[in-house]
Amino acid sequence: MDKVESRTAATILIDRHTRIAAIAIGFMALPVGLMVLALLHQGVGNPPASLMVGAAAVSMIVLFALLRGSFVLLRRNLYLFADERIAAADRARLDTLTGALSRAVFLETLKLEVAGSSRAPIAYLQADMDHLKALNDGDGHAAGDAALLHLVRTIRMVVPDAIVGRLGGDEFGVLLPGCEDKQEALQIGTAVLTAFNRPIGIAGRELRLSATIGVALAPEDSTYPDELIALADLALYEAKRTGRGRVVAFDKEMQIEARHKRFVKRELRAAILLDELDLHYQPIFGADARTLVGHEALVRWQHKVRGTVPPSEFIHVAEESDLINRLGEWVLRRACLDLPALGTPSMSINVSAVQLRRPEFAQRFGAILAETGVSGQKITVEITETVPLQSNAVEDLNLKALRAMGVRVAIDDFGAGHASLQYLKKFSFDIIKIDRSYINSLAESPVDHVLVKAICEIGRHSNVDIVAEGVETEEQLRMLKAAGCSRFQGYLLGRPMPLRRQLAMTEAA
Ligand code: C2E
Ligand code: CA
Ligand code: CA
């Protein structure tokens, strides 16, 4: 029911009251008229008939005036009442902040549109604003609100006939009636994101906002409203996983992937309980590429049927739930228990960004060190540059608490993500591990060579160790040494191996 319709309903309501009032007036006027006629007819008393008629007429006029007055009042009150009801209905229909349809109304509309999609196809876009939390935390909620409003305005500007609804905090649903082609939906989504990404003044700063969009079509992908949303959500998730700020349309592969993920989650949970996980250790060497300076612990999953499952297949699945915390704690405990036997000078543990977001992370880390009797000075945590490091954010506090225990912090895969030199300047790291892709292309790419040299230079000046990982050839090693790397890790010098084989290697050496 839209605004016009609800107004019509209110008018009908008032008209009905008007009719009731008119009938009431008629009924009240009837006995008075009859009384007057009776008096005239019987000629009771002495007053002349003309006086009687005059008195009756005056009393009828007064009566009419009174009734008319109360009727006007009644009518006005009814209008006020109806207007309030319309305003309240609008408030419930629209999201107060952005003016988009409220969740309930949007879902109802989506249901109707999907039901009719065999005749009139429709595209459904699910848009998620990126980094809203960081904006709220950094610039205040007013800035976050302004950004959300800007997103809805941008969608309306780029696609005026779109139906936009707010589904939750930073999530919006967009219906494109008549759009039956994925390519077209992707183009529209891209146009929205491009417009949204233009600089805009918010909270006294010029910001570049971004959002991520997942697309699904009815009837092509589904004719069930819930499923259509779930499929667009899968596409949205895929878009976020592959770097945000993009539009991705659903395809069947994603459903297979989602099924695979559910399987991995279930099996991995059991694997942690049944002790089916294992750690392999890879040696790290000093500047001469001979002196052992530490080991990196790399998790392996020995699946009963599928054999050894590499971490690239399950870490990202674990990161979507509490599993990563359990896995992380298992890894730390196992590495600490193996540490005396391995006799390594330093044990490097990979810690995912999701783990660092947990407020009690550092405290649990400390408890495992205490339980296994390992000093924090023997441990290095490797974090990737995807960890957002605002001062005093949970991640920052966790890292500070670890450093207070003597744990060293390494930036892993440096140069692979979006970290700027600013990132290095602002936060204290003890070690930088240059991403393997730079090592790979060292011989062919003069630019990469210069970059590696520059990173080593920064390391020398700021007392940070620079690790070259993924060293596979003698030539790479020679160039990396010349560039000034202080540590080396890679298949050329030692592969990741289980504890027993690692020990056998050390004994043989
Ligand atoms: P990463 O931290 O960058 O680990 C180094 C990866 O490079 C390891 O792969 C290692 O086996 C491989 N590698 C080492 N030397 C060479 C080389 O010379 N050439 C090539 N091509 N590869 C080399 P792996 O073990 O498959 O681990 C992959 C990623 O999984 C790791 O990347 C890390 O991000 C993640 N990971 C591994 N174990 C854990 C863990 O316990 N916790 C978390 N959160 N992540 C882990
Ligand atoms: Ca690592
Ligand atoms: Ca790495």
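For the structure, check the block above.
Within any chain, residue numbers begin from 1 and follow the written order of that chain's sequence. Throughout, the order in which chains and ligands are written sets their labels, letters from A for the former and numbers from 1 for the latter. Reporting in this predicted model follows two pLDDT cut-offs: at least 70 for local features of residues, and 80 or more for side-chain atom pairs to be given and counted; totals over whole chains, interfaces and linings ignore these cut-offs and use all residues. Side-chain numbers come from the whole structure's heavy atoms, not from hydrogens or water.

A short note on the coordination of the calcium ion (ligand 3)
Any two of four tetrahedral donors ideally make an angle of 109.5 degrees at the metal, while pairs among six octahedral donors ideally make 90 or 180 degrees. Surrounding the calcium ion (ligand 3) are the protein donor atoms D412 (OD), D413 (OD), E469 (OE) and E469 (OE), which sit 2.0 to 2.8 Å from the metal. Water is not part of the atom set, so a site may look incomplete; the donors themselves are N, O and S atoms within 2.8 Å of the metal, or 3.2 Å for Na, K and Ca. Between the calcium ion (ligand 3) and the calcium ion (ligand 2), a spacing of 3.9 Å is present, and a bridge between the two is formed by D412. Of this pair, D412 sits in strand β13 (residues 408-414) while E469 sits in strand β15 (residues 465-469), and the two are 57 residues apart along the sequence. In this structure, D412 and E469 share a single accessibility class: buried. Numbering of helices and strands starts at the N terminus; helices are DSSP runs of H or I of at least 4 residues and strands are runs of E of at least 2. Only protein chains enter the calculation, and the probe is 1.4 Å; a residue is then buried if its accessible area is under 20% of its type maximum, exposed if over 50%, and partly exposed in between.

A few points about the pairing of strand β6 (residues 211-218)
Of all eight residues in β6, eight are buried; the element is thus mostly enclosed. With respect to chirality, the unit in which β6 leads through helix α7 (residues 225-241) into the neighbouring parallel strand β7 (residues 247-249) is left-handed. Here the term right-handed applies to a crossover when the path leading from its first strand over the helix to its second strand runs clockwise, the strands being oriented away from the viewer.

Here's the deal with the pattern of salt bridges
By definition here, a salt bridge exists when the distance from a side-chain nitrogen of Lys or Arg to a carboxyl oxygen of Asp or Glu is within 4 Å. Tallied over the entire structure, the rule returns 25 salt bridges. With a shortest N-O distance of 3.2 Å, K261 and E320 are connected by a salt bridge. Of this pair, K261 sits in helix α8 (residues 252-273) while E320 sits in the loop between α9 (311-318) and α10 (323-342); the two residues are 59 residues apart in sequence, bridging distant segments of the chain. The shortest N-O distance in the salt bridge between D322 and R326 comes to 3.6 Å. Residue R326 is classed as partly exposed on the basis of its relative accessible area, which comes to 34%. Linked through salt bridges whose partners overlap, the residues forming this network are E296, E382, K433 and E469.

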